[in-house]
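# Structure assessment
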There are 2 protein chains.
Amino acid sequence: MPAAEVVKSVARVLEVLELFAQRREPLTGMEVCRTLGYPKSSANAILKSLVTLGYLSLNPENLRYFPSLRVTYLGDWVPDLLLGTVETDEMLEELHRLTGETVTLSMRNEFHMQFIRVLPGSFPISLRVSEGFMAPLFGTAVGAAYLSTLSDADIRGLYERAQKRGALEGQEQNLDAVLADVAAARMDGCARGYERILPDTGAVTAPLKAGAHDQHLVVGVGGLSARIRRSEGKIVRHLKRVIRQHLENSRHAA
Amino acid sequence: MPAAEVVKSVARVLEVLELFAQRREPLTGMEVCRTLGYPKSSANAILKSLVTLGYLSLNPENLRYFPSLRVTYLGDWVPDLLLGTVETDEMLEELHRLTGETVTLSMRNEFHMQFIRVLPGSFPISLRVSEGFMAPLFGTAVGAAYLSTLSDADIRGLYERAQKRGALEGQEQNLDAVLADVAAARMDGCARGYERILPDTGAVTAPLKAGAHDQHLVVGVGGLSARIRRSEGKIVRHLKRVIRQHLENSRHAA
DNA sequence: GGGCAGGGTTCATATATGTGAAATTATATT
DNA sequence: AATATAATTTCACATATATGAACCCTGCCC
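What counts and what doesn't
- Residues numbered from 1 in each chain as written.
- Chains lettered and ligands numbered in written order.
- Predicted model: local features only at pLDDT ≥ 70, side-chain atom pairs only at ≥ 80, totals over all residues.
- Heavy atoms only, no water.
- Pairing = 2+ DSSP bridges.
- Helix = DSSP H or I, 4+ residues; strand = E, 2+ residues; numbered from the N terminus.
- Axes fitted to C-alpha atoms, helices over the stretch in contact; angles between N-to-C directions.
- Least-squares fit on C-alpha atoms with pLDDT ≥ 70 in both.
- Contact = heavy atoms within 4.5 Å.
- Near = heavy atom within 4 Å.
- Polar contact = N/O pair within 3.5 Å; in protein donor to acceptor, adjacent residues only side chain to side chain.
- Nonpolar A, V, L, I, M, F, W, Y, C, P; charged D, E, K, R; others polar.
- Buried < 20%, exposed > 50% of the residue type's maximum accessible area, 1.4 Å probe, protein only.
- Domains from an automatic or database assignment.
- Phe/Tyr/Trp six-rings, centres within 6.5 Å; stacked < 30°, edge-to-face > 60°.
- Lys NZ or Arg CZ within 6 Å of the ring centre and 35° of its normal.

## A closer look at the sheet that holds strand β6 (residues 134-136) of chain B
Sheets are built from strands that pair by backbone hydrogen bonding, the pairs being arranged parallel or antiparallel. Residues and elements named next belong to chain B. Overall, antiparallel pairing links the six strands, which are arranged β6-β5-β4-β9-β8-β7 in an open sheet. In the strand order of this sheet, the two ends are held by β6 and β7 (191-194), each with one partner. Taken over all neighbouring pairs, the strand axes of this sheet differ in orientation by 30° on average, direction set aside. Relative to strand β8 (residues 201-209), β7 runs antiparallel, the two sharing four bridges. Bridging from a neighbouring strand, Tyr194 pairs with Gly202 of β8.

## Considering the relation of the copies chain B and chain A
Mapping chain B onto chain A calls for a rotation angle of 180° and an axial translation of 0.0 Å; the resulting RMSD is 0.1 Å. What we have between these two chains is a two-fold relation. Both copies present the same face, since 100% of the interface residues in chain B are matched by interface residues at the equivalent positions in chain A.

## A short note on the protein's contact with DNA strand D
Of all residues adjacent to DNA strand D, which total 17 residues, the nearest are Lys8 and Asn44 of chain A together with Ser9, Ser41 and Ser42 of chain B. Interatomic distance of 2.9 Å between a side-chain N/O atom of Lys40 of chain A and a base oxygen of DNA strand D. For DNA strand D, a phosphate oxygen lies 3.1 Å from a polar atom in the side chain of Lys8 of chain B. Per-element accounting of the surface near DNA strand D gives the leading share, four residues, to helix α3 (residues 40-52) of chain A. Of the residues belonging to the surface near DNA strand D, the class tally is three nonpolar, six polar and eight charged.

## A word on unusual backbone geometry
Residues other than glycine seldom take positive phi values, yet Arg24 of chain A does so here, at roughly 60°. Mapping Arg24 of chain A onto the fold places it in the loop between α1 (8-23) and β1 (27-28). You will see that Glu195 of chain B, though not glycine, has its phi angle at about 55°, which is positive. With respect to the helices and strands, the residue Glu195 of chain B is situated in the loop between β7 and β8. Residue Glu195 of chain B is classed as partly exposed on the basis of its relative accessible area, which comes to 44%.

## Considering the side chain of Ser225 of chain B
Residue and element names in this part refer to chain B. Take Ser225: it is sitting in helix α10 (residues 225-230). Note on Ser225: relative accessible area 6%, which makes it buried. At a separation of 3.5 Å, a polar atom in the side chain of Ser225 contacts the main-chain amide nitrogen of Gly202. Discounting chain neighbours no more than four positions away, the residues touching Ser225 are Tyr194, Glu195, Asp200, Thr201 and Gly202.

## Here we look at the domain arrangement of chain A
The accessible area lost on association of the parts is a frequent measure of interface size. If you check the domain split of chain A, you get domain 1 (8-74) and domain 2 (78-253). For domain 1 of chain A versus domain 2 of chain A, the separation of C-alpha centres amounts to 33 Å.

## Considerations on the packing of aromatic side chains
Across all of its chains, the model carries six aromatic pairs over all chains by this definition. Taking the centre distance of 5.5 Å and the plane angle of 85° together, the rings of Phe66 of chain A and Trp77 of chain B count as edge-to-face. Placement of Phe66 of chain A in strand β3 (residues 64-67) and of Trp77 of chain B in the loop between α4 (69-75) and α5 (78-83) is noted, with the two residues assigned to different chains. In this structure Trp77 of chain B comes out as buried when scored by relative accessible area, which is 3%. Considering the side-chain rings of Phe115 of chain B and Phe133 of chain B, the 5.6 Å spacing of their centres and the 55° angle between planes classify their relative orientation as tilted. You can see Phe115 of chain B sitting in strand β5 (residues 112-119) and its partner Phe133 of chain B sitting in the loop between β5 and β6, a full 18 residues away along the chain. Using a relative accessible area of 8% as the deciding quantity, one classes Phe115 of chain B as buried. Overall, Phe133 of chain B belongs to the partly exposed group, its relative accessible area being 26%. In this structure, Arg229 of chain A is placed above the aromatic ring of Tyr194 of chain A, and the distance from its NZ or CZ to the ring centre is 4.0 Å. Just above the ring of Phe123 of chain B sits the side chain of Arg227 of chain B; from NZ or CZ to the centre is 3.9 Å.

Below, the structure is given as structure tokens:
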């Protein structure tokens with residue numbers, strides 16, 4: 001099994017739990033089966049395993065499954081460590097209200113920026129990107145915002161490691177361009193990117209230091225390139241003010 | 001693969017996430033490997049899959065993994081639906097303070113009562129039961145408390161279905177004894193059980209109606225039989241008062 | 001610079017899982 | 001009570017995964 005390939009049952013466990021998180025109601029085995037496109041006996045094997053392990057409960061009267069609180073306990077501790085007292089949901093909602101654009105929160109994951117929260121834009125033409133999406137670390141606005149928190153030496157080291165691992169294949173950006181983006185981001189704390197990996201798309205992003213680790217998150221506002229360019233100044237001001245405000249709020253809460 | 005057997009990778013996904021929930025710090029692949037006793041390439045395959053799917057992040061500088069917020073989102077919605085505004089943690093902590101015994105919260109899962117929260121007792125001799133433990137639905141105090149919320153006809157139906165499914169094998173209790181326990185529980189809202197499936201162990205339990213579904217949870221206080229018998233009256237009073245109080249609090253919060 | 005320790009990767013093979021067709025079971029309707 | 005429909009289970013076989021030995025990589029220490 002080559003790198004980045006995924007063990008089938010691993011993916012399925014998470015797909016099943018994601019389905020319940022999306023639907024938020026008890027589901028029959030057949031509903032899970034049809035929705036996720038699994039063969040019946042495969043769906044059953046996964047569901048039975050999750051029940052046996054206590055992650056799903058089964059009501060035998062109506063044959064409906066539902067997650068148990070053990071699913072909650074797997075991850076309820078993560079926000080405290082990753083975010084500390086920063087209320088990221090409120091921050092993103094405020095940015096969304098102020099800009100109307102797609103607002104995102106991402107974190108570094110190996111040589112990617114992983115979108116962990118996405119609030120879709122209100123405009124008819126809006127950036128559509130899903131939670132879980134992995135953008136490249138090098139050559140994107142979210143990546144530049146993240147990298148602006150590191151020294152040039154650390155960025156070079158990261159870039160070399162990524163090259164060695166073959167993680168940059170298919171991505172046509174060189175280190176000098178990356179460092180130029182980062183230098184621009186350091187000037188006022190915000191990174192900009194237009195027409196990068198997503199066509200017609202622009203984004204303004206800024207790092208957010210949160211939580212118990214020295215890893216940074218990145219807040220982004222993205223949408224149609226022309227519209228983002230027009231509003232860039234306003235978006236930058238909103239981004240900086242909202243981040244500063246919420247960091248102050250989280251200091252008071254800590 | 002017979003019923004109740006578990007797909008290996010399914011179990012491993014959850015074991016890995018449980019390990020992170022327990023340790024609450026970044027871990028290397030080898031630490032996961034050693035702690036969980038997996039072969040190195042198997043551990044790697046699971047971890048790489050979780051990174052690819054966005055559930056773990058990997059810091060390539062120190063080769064340490066950590067859960068992402070996607071783990072949180074899988075289950076952060078469950079308490080609202082399952083518990084509503086009942087603050088179960090506070091309730092259990094109060095009971096724990098008042099009694100010093102092992103305090104548990106359980107939910108029905110198929111033909112079991114699954115322990116979803118356990119606060120271990122403060123006495124040197126205390127009931128030791130782990131979260132995730134599946135107690136039988138029939139013939140236990142937690143089961144009797146749960147069943148007391150159903151009609152006798154529904155209990156009979158459930159019992160028959162359990163028999164048909166072979167879910168009662170290894171458990172020597174008949175329906176009449178179960179119904180007697182349930183009748184006793186209905187008298188004052190609390191079930192008692194001594195020397196049932198766990199030796200030297202007694203428990204007092206009560207149902208807790210919470211959340212958006214008509215499924216009940218069960219709160220229990222358990223420990224050394226003799227000590228639970230001695231304090232039964234007090235435990236019953238504490239249980240009823242604390243549950244009533246928290247239900248009132250949750251009504252005000254709703 | 002070399003050696004060592006700790007970590008990860010590769011690969012051939014054994015074992016487990018996934019699949020789909022068929023059979024069985026359960027429920028609802030007539 | 002019979003029938004139809006929907007759901008679950010079984011099973012033989014195809015495919016995927018797990019394993020452990022061997023190898024490779026990286027960083028640290030002498």
